[in-house]
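Take a look at the letters that make up each chain.
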Amino acid sequence: MPFRKISLMLALAFVFGALAAACGGGAEDAGEEGEAAGGGDLTIGYIEWDENVAVSNLMKILLEEDLGYDNAELQLADVGPLFQGVADGSIDAFHDVWLPGTHEEYWSEYQDQVVDLGVWYEGEADLGIAVPEYAEAQSIEDLAGSDEFNNQIVGIEPGSGIMSTVADDAIPTYGLDDYDLVDSSTPAMLAEVESATQNEEPIAFTAWRPHWMFTAYEIRYLEDPEGAMGGAEELS
């Protein structure tokens, strides 16, 4: 059957063979339809977060080789357009939704137009502002009045939920109005982290787990005593 709209949230059952869909309907329609018949084309939207790149490519292989779809195209976009695309049917799936905090704004806007199939990652998922292990600062509150990081936090794509969290919550909570949150991209931010840590230079940057950066570099989250960066999240 043709796919008009499938879940923003893909459960592990999807990964191992069950693809639910809504043909112009809502969550109830998706649940009643059951497994997909296979065949045809699908578009999987993804953001440039590494866990999403990995799971999207895995999904492409499973859809084409195990579930019988002719083509599962991967389409890179920012978070906002991906939510919009799934809602209007131009994108069939996006499965790196961070809730309840990071993507709350987008979920609130589009939740009645998409289908929720559940969580695919139940480990430790969270956001923070990170620094190298050798940095003097221990807490986000230590940034206020400090020139250790040149009043700069290196960020990623401007439409990302973590950027909104830092700008709307962390900066005002900790009185960091004199800090610049620098728009960038995930690869560019990681390149700056690599360069800084190799040269033992100070850098404060947006970070999230799960991500390989925490094993590749000696970095840590700054403590967040006010909880401005939110708590544990689920990936769907």
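Above: the structure in question.
In this report, we go over the structure that sits alongside the text.

How each quantity is defined
Residues numbered from 1 in each chain as written. Predicted model: local features only at pLDDT ≥ 70, side-chain atom pairs only at ≥ 80, totals over all residues. Heavy atoms only, no water. Salt bridge = Lys/Arg side-chain N within 4 Å of Asp/Glu carboxyl O. Helix = DSSP H or I, 4+ residues; strand = E, 2+ residues; numbered from the N terminus. Buried < 20%, exposed > 50% of the residue type's maximum accessible area, 1.4 Å probe, protein only. Pairing = 2+ DSSP bridges. Patch = residues over 30% accessible without salt bridge, like charges linked within 9 Å, V, L, I, M, F, W, Y side chains within 5 Å. Areas by Shrake-Rupley, 256 points an atom, 1.4 Å probe, with all protein chains shown as cover. Lys, Arg positive; Asp, Glu negative; His and termini not counted. Charge placed at Lys NZ, Arg CZ, Asp CG, Glu CD.

Brief notes about the pattern of salt bridges
Pairing is possible between side chains of opposite charge, provided their charged atoms come close.
Consideration 1: One pass over the structure, following the stated rule, counts 3 salt bridges.
Consideration 2: The residue Lys60 makes a salt bridge to Glu64 at a minimum N-O spacing of 2.8 Å. Of the two residues, Lys60 and Glu64 both sit in helix α3 (residues 50-66), 4 residues apart, roughly one turn of that helix.
Consideration 3: Owing to a relative accessible area of 26%, Glu64 belongs among the partly exposed residues under this scheme.
Consideration 4: Arg209 is paired through a salt bridge with Asp126; the nearest N and O atoms lie 2.7 Å apart. Of the two residues, Arg209 is situated in strand β9 (residues 205-209) and Asp126 in strand β6 (residues 126-132); the sequence distance between them amounts to 83 residues.
Consideration 5: On the accessibility criterion, Arg209 (24% relative accessible area) is partly exposed.

Concerning the pairing of β9
Consideration 1: In terms of burial, β9 is a largely internal element, 4 of the 5 residues being buried.
Consideration 2: Bridging between β6 and β9 involves 5 bridges; their strand directions are antiparallel. Its bridge partner being in β9, Leu127 is matched across the sheet by Trp208.

Describing a negative patch on the surface
Consideration 1: There is a patch of like negative charges on the surface, built from Glu104, Glu105, Glu109, Asp168 and Asp169.
Consideration 2: Among the secondary structure elements, those contributing two or more residues to the negative patch are α5 (104-110) and α6 (161-173).
Consideration 3: Mapped onto the elements of the fold, Glu104 is located in helix α5.

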